[in-house]
Amino acid sequence: MEDYKKMLKDKNLKVTKGRLAVLELLNASKVPMNAEQIYEDIDKEAVPSFTSLYRILKQLADEDLLKKNLYSNGLLYYETAKLGHRHFIICSKCGKISSIEKCPLHEFDEAAAKETGYVVEYHSVELVGICPECQKKDE
Ligand SMILES: [Zn+2]
Ligand SMILES: [Zn+2]
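Residues numbered from 1 in each chain as written. Chains lettered and ligands numbered in written order. Predicted model: local features only at pLDDT ≥ 70, side-chain atom pairs only at ≥ 80, totals over all residues. Heavy atoms only, no water.

**Side note on the sheet that holds strand S1 (residues 33-34)**
Step number 1: Across the sheet, which stays open at both edges, the three strands sit in the order S1-S3-S2 with antiparallel pairing between neighbours. Bordering the open sheet on either side are S1 and strand S2 (67-70), each of which pairs with just one other strand.
Step number 2: Bridge count between S2 and strand S3 (residues 76-79): four bridges; the pairing is antiparallel. Bridged to Asn69 within S3 is Tyr77. (Pairing = 2+ DSSP bridges. Helix = DSSP H or I, 4+ residues; strand = E, 2+ residues; numbered from the N terminus.)

Printed below as a string of structure tokens:
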């Protein structure tokens, strides 16, 4: 909690209940979340409306306190920098994201570097699928 207050102050952002709530929620989440999912879980006393949530997300992303990524379903997903390197699989039906903890691609990075002479800085892989809940709905 103190961490976030300091992070906000370092960026010259006022420490507000709403900003803290968003940072805390995303930090507790193991996966990136889109605005709708955040709004569903957020303390409505801290973030009373969707409009205020959007404003907060934009401010925090502009100041690099959150990373945002556009996924192939056309939605922006937000995450804190603390998540580190990992991969995600996104449900093409409901937009739910699950994380894949282990990255199996280090060998691929090395092979690519060898083949092309590049220094590989990072890779990004997006997996798309149908989550267990949506599979059940289809039955
Ligand atoms: Zn789903
Ligand atoms: Zn990886």
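Next comes the rest of the description.
**What to know about the coordination of the zinc ion (ligand 2)**
Step number 1: Every protein donor of the zinc ion (ligand 2) is accounted for by His85 (NE2), His87 (NE2), Cys103 (SG) and His123 (NE2), and the metal-donor separations fall at 2.0 to 2.2 Å.
Step number 2: Of note, the donors binding the zinc ion (ligand 2) are all from one chain and are spaced H-x1-H-x15-C-x19-H.
Step number 3: We classify His85 as partly exposed; its relative accessible area is 46%.
Step number 4: Take His87: its relative accessible area is 5%, and that puts it in the buried class. (Donors = N, O, S within 2.8 Å, 3.2 Å for Na, K, Ca; no water. Buried < 20%, exposed > 50% of the residue type's maximum accessible area, 1.4 Å probe, protein only.)

**Topic: helix H2 (residues 17-28)**
Step number 1: Helix length check: H2 (twelve residues) gives 16 Å between terminal C-alpha atoms against 16 Å at 1.5 Å per residue, within 8%.
Step number 2: Taken together, the buried positions of H2 are Gly18, Arg19, Leu20, Ala21, Val22, Leu23, Leu25 and Leu26. (Expected span 1.5 Å × (residues − 1).)

**As for the coordination of the zinc ion (ligand 1)**
Working reference: metal with six octahedral donors, ideal angles 90 or 180 degrees; metal with four tetrahedral donors, ideal angle 109.5 degrees.
Step number 1: Cys91 (SG), Cys94 (SG), Cys131 (SG) and Cys134 (SG) make up the full set of protein donors to the zinc ion (ligand 1), lying at 2.3 Å.
Step number 2: Taken together, the four donor atoms coordinating the zinc ion (ligand 1) and their angles of 105 to 113 degrees define a geometry best described as tetrahedral. (Tetrahedral: all angles 85-135°; square planar, octahedral: opposite > 155°, others 65-115°.)

**Description of the side chain of His87**
Step number 1: Tracing the backbone through its elements, the reader meets His87 in strand S4 (residues 87-91).
Step number 2: Within the structure, His87 has its side chain in polar contact with the side chain of His123 (distance 3.1 Å).
Step number 3: Residues contacting His87, with those up to four places away along its chain left out, are Ser98, Ser99, Ile100, Cys103, Leu105, His123 and Val125. (Polar contact = N/O pair within 3.5 Å; in protein donor to acceptor, adjacent residues only side chain to side chain. Contact = heavy atoms within 4.5 Å.)

**Observations regarding the nonpolar core**
Step number 1: One finds Val22, Ile38, Leu57, Leu60 and Leu66 to be the most contacted residues of the largest nonpolar core, which totals 23 residues.
Step number 2: Elements supplying a minimum of two residues to this core: helix H1 (2-10), H2, helix H3 (35-41) and helix H4 (50-62).
Step number 3: Ranked by residue count, the leading element in this core is H2, at six residues.
Step number 4: Listed in part, the six residues of the second largest apolar core include Val31, Phe88, Ile90 and Ile97. (Core = buried A, V, L, I, M, F, W, Y, C linked by side-chain atoms within 4.5 Å.)

**Section: the side chain of Glu79**
Step number 1: Mapped onto the elements, Glu79 comes out in strand S3.
Step number 2: A residue is classified by how much of its surface remains accessible, and Glu79, at 6% relative accessible area, is buried.
Step number 3: Dropping the residues within four chain positions of it, Glu79 is found in contact with Pro32, Leu66, Lys67, Asn69 and Phe88.

**Examining the packing of aromatic side chains**
Step number 1: Counting across every chain of the model gives three aromatic pairs.
Step number 2: Seen in terms of ring centroids, Tyr39 and Phe50 are 5.1 Å apart; in terms of plane orientation they differ by 85 degrees. Their pairing is edge-to-face. Of the two residues, Tyr39 sits in helix H3 while Phe50 sits in helix H4, which places them eleven residues apart along the sequence.
Step number 3: By the ring-pair criterion, three or more aromatic residues cluster together here, those being Tyr39, Phe50 and Tyr54. (Phe/Tyr/Trp six-rings, centres within 6.5 Å; stacked < 30°, edge-to-face > 60°.)

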